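Understanding the architecture of this molecule
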Amino acid sequence: MYLSEFEFEALKRIGAEGASNGAKALSLMMEKTVGMGVSLIKVLPLTEVAEAMGGAETVVAGIFLTAGGPAPCNILFIFPIESAKTLAGHLVEYSYAYDEEIDFMGKSALSEVGNVVSGAYLKSLSDFTEMEFIPSVPALAIDMAGAVLDAVLARVGMTDDMAVLMETVFSEIEQNVIGHFFLLPEAGSLDKILEAIGVKE
Amino acid sequence: MIIKVGMADLNIAKAPDILQTCGLGSCVGICLWDSSAKLAGMAHIMLPCSSIGKRGNEAKFADTALPLLIEKMKKSGADEHRLIAKIAGGSQMFSFSSSSDVMKIGERNTEAVKQCLKNARIRLIAEDTGGSYGRTIELNAETGSLYIRTVSLGEKYI
């Protein structure tokens, strides 16, 4: 799965609009200003995903959901643990210490972020493709990056070996927070998406 | 020396080296050891069965990784009849209210690995499987001891 420049541009536009929608939704929901932008779009082999997160043993917060419809996808949001703490802390007005675990409230806030932001990306994807994407309820896991990834990769690895990464930067928080948004299309879904956008070569 | 085994990968090590694989979630680490040859082998499998996925990487599936690992160990002087096995991993990292079958991949991986070991007549002497947390494992080729590390549930040897 290699994308042409045109296809990349299309994904970039989807990402940019999704991020803009996401920032609005998140700011409204949390009654705080949160900025969002896509800093990087990349297609990478599944086996390199853990390395991109800083190694398989790095502790991360992962939010996973599926998007059903004519072009089913899986979505995985990964935050480095420090970013997760900053973001969760900002949302629940608490400051997590270095060695402190994220509590129930914080976890719930992170899941909500996953929910809202995924919804925004999917809305943008839906606008561009005129296809429906129905998100599932998000599930959260805080553990080693490799472990968080592999359950999801196993799901996608049955059919494909590449993933689309949209690196998402959350701004206007105490410090910039980076989240890695992975769109993992199931077999044939990426082709369907690109075809619907009209850039499929 | 620590020899790393990646996801959907396998390797062998001679004493005093150590085989390591990081961040096992629903994946299963299959560890084989020949006590006389002091030879260890490790496979990090992602899926139970090669018939459900794209072919190519044999180390990705339980049913193709095990024969490949045994073969590799035999070539380096291991005796198939002396091999013993230890396994770790196969957890369920995400829990959904609607328990869809595909997310129980950890459990299915563990079952598949056990069946493959049985078919290959290799005795499973220890396991640390299931739960909902990640594991990093290290197999010592000298002693056959398997070290398991987790983020919040400590460490142990099996």
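Residues numbered from 1 in each chain as written. Chains lettered and ligands numbered in written order. Predicted model: local features only at pLDDT ≥ 70, side-chain atom pairs only at ≥ 80, totals over all residues.

Our next topic: the sheet that holds strand β8 (residues 135-140) of chain B. All names here are of chain B. Pairing is mixed in the open sheet, where five strands are placed in the order β1-β3-β8-β9-β10. If you trace the sheet from one side to the other, it starts and ends with β1 (2-4) and β10 (155-157), each paired once. Recorded for the sheet is a direction-independent mean angle of 20° between the axes of neighbouring strands. The pairing of strand β9 (residues 146-149) with β10 spans three bridges and is classified as antiparallel. Following the sheet pairing, Y147 is matched in β10 by Y157. (Pairing = 2+ DSSP bridges. Helix = DSSP H or I, 4+ residues; strand = E, 2+ residues; numbered from the N terminus. Axes fitted to C-alpha atoms, helices over the stretch in contact; angles between N-to-C directions.)

Further remarks concern the sheet that holds strand β2 (residues 9-14) of chain B. All names here are of chain B. Taken in spatial order, the five strands of this open sheet run β2-β5-β4-β6-β7, and their pairing is mixed. Because the sheet does not close on itself, it has two edges, and the strands there are β2 and β7 (123-129). Each strand axis lies, on average, 15° off the axis of its neighbour in the sheet, ignoring direction. Pairing analysis gives seven bridges linking strand β4 (residues 28-34) to strand β5 (residues 39-45), with the strands arranged antiparallel. Paired with W33 across the bridge in β5 is A40. The strands that helix α2 (residues 105-119) touches are β4, β5, β6 (84-89) and β7; relative to β4, the one it contacts most, it runs at about 25°. (Contact = placed C-beta atoms within 7 Å.)

Residues and elements named next belong to chain A. Where burial is concerned, most of strand β3 (residues 73-80) is hidden: seven out of the eight residues are buried. Sheet analysis places strand β2 (residues 59-68) next to β3, joined by eight bridges and oriented antiparallel. Across the sheet, residue A61 finds its bridge partner in β3, namely F79. Between β2 and the antiparallel strand that follows it, β3, lie four residues; G69 among them carries a positive phi value of about 135°. The pairing of β3 with strand β7 (residues 177-185) spans six bridges and is antiparallel. Its bridge partner being in β7, L76 is matched across the sheet by F182. (Buried ≥ 20, exposed ≤ 12 C-beta atoms within 10 Å, placed from the backbone.)

The next point concerns unusual backbone geometry. Residues and elements named next belong to chain B. For the peptide bond that leads from A15 to P16, omega is 5°, which places it in the cis range. As for its placement among the helices and strands, P16 is situated in the loop between β2 and β3 (18-24). The phi angle at K38 is positive, at roughly 50°, despite the residue not being glycine. The residue K38 is located in the loop between β4 and β5 in this model.

Turning our eyes to something else, we now look at helix α1 (residues 62-75) of chain B. Residue and element names in this part refer to chain B. Its 14 residues place the ends of α1 20 Å apart at the C-alpha level, agreeing with the 20 Å of an ideal helix rising 1.5 Å per residue. Of all the residues in α1, the buried ones are A62, T64, A65, L66, L69 and M73. Of the surrounding secondary structure, the elements contacted by the buried residues of α1 are β2, β4, β5 and α2. Looking one or two places after α1, you find G77, whose phi comes out positive at around 105°. (Expected span 1.5 Å × (residues − 1).)

Residues and elements named next belong to chain B. Counted residue by residue, β8 has six buried out of six residues, so it is predominantly covered. The two faces of β8 match: R135, I137 and L139 on one face and T136, E138 and N140 on the other face are all buried. Connecting β8 to the antiparallel partner β9 that follows it, the hairpin turn spans five residues, and G144 within it adopts a positive phi of roughly 75°.

To continue, consider the confidence of the model for chain A. For chain A, the average pLDDT comes to 83, and 92% of its residues sit at 70 or higher. Ranking the elements of chain A by mean pLDDT puts helix α2 (residues 49-52) of chain A last with 76 and strand β5 (residues 139-144) of chain A first with 92. (pLDDT = per-residue confidence, 0-100.)

With that settled, consider the environment of M144 of chain A. Within the secondary structure, M144 of chain A is located in strand β5. As for M144 of chain A and D103 of chain A, which are separated by 41 residues in sequence, their C-alpha atoms are 18 Å apart. If near-sequence neighbours (up to four positions away) are discounted, M144 of chain A is found in contact with A56, E57 and V59 of chain A together with C22, G23, G134, T136 and V151 of chain B.

End to end, α2 of chain B covers 21 Å across 15 residues, agreeing with the expected 21 Å (1.5 Å per residue, within 8%). Just past α2 of chain B, the residue R121 of chain B takes up positive phi, approximately 55°.

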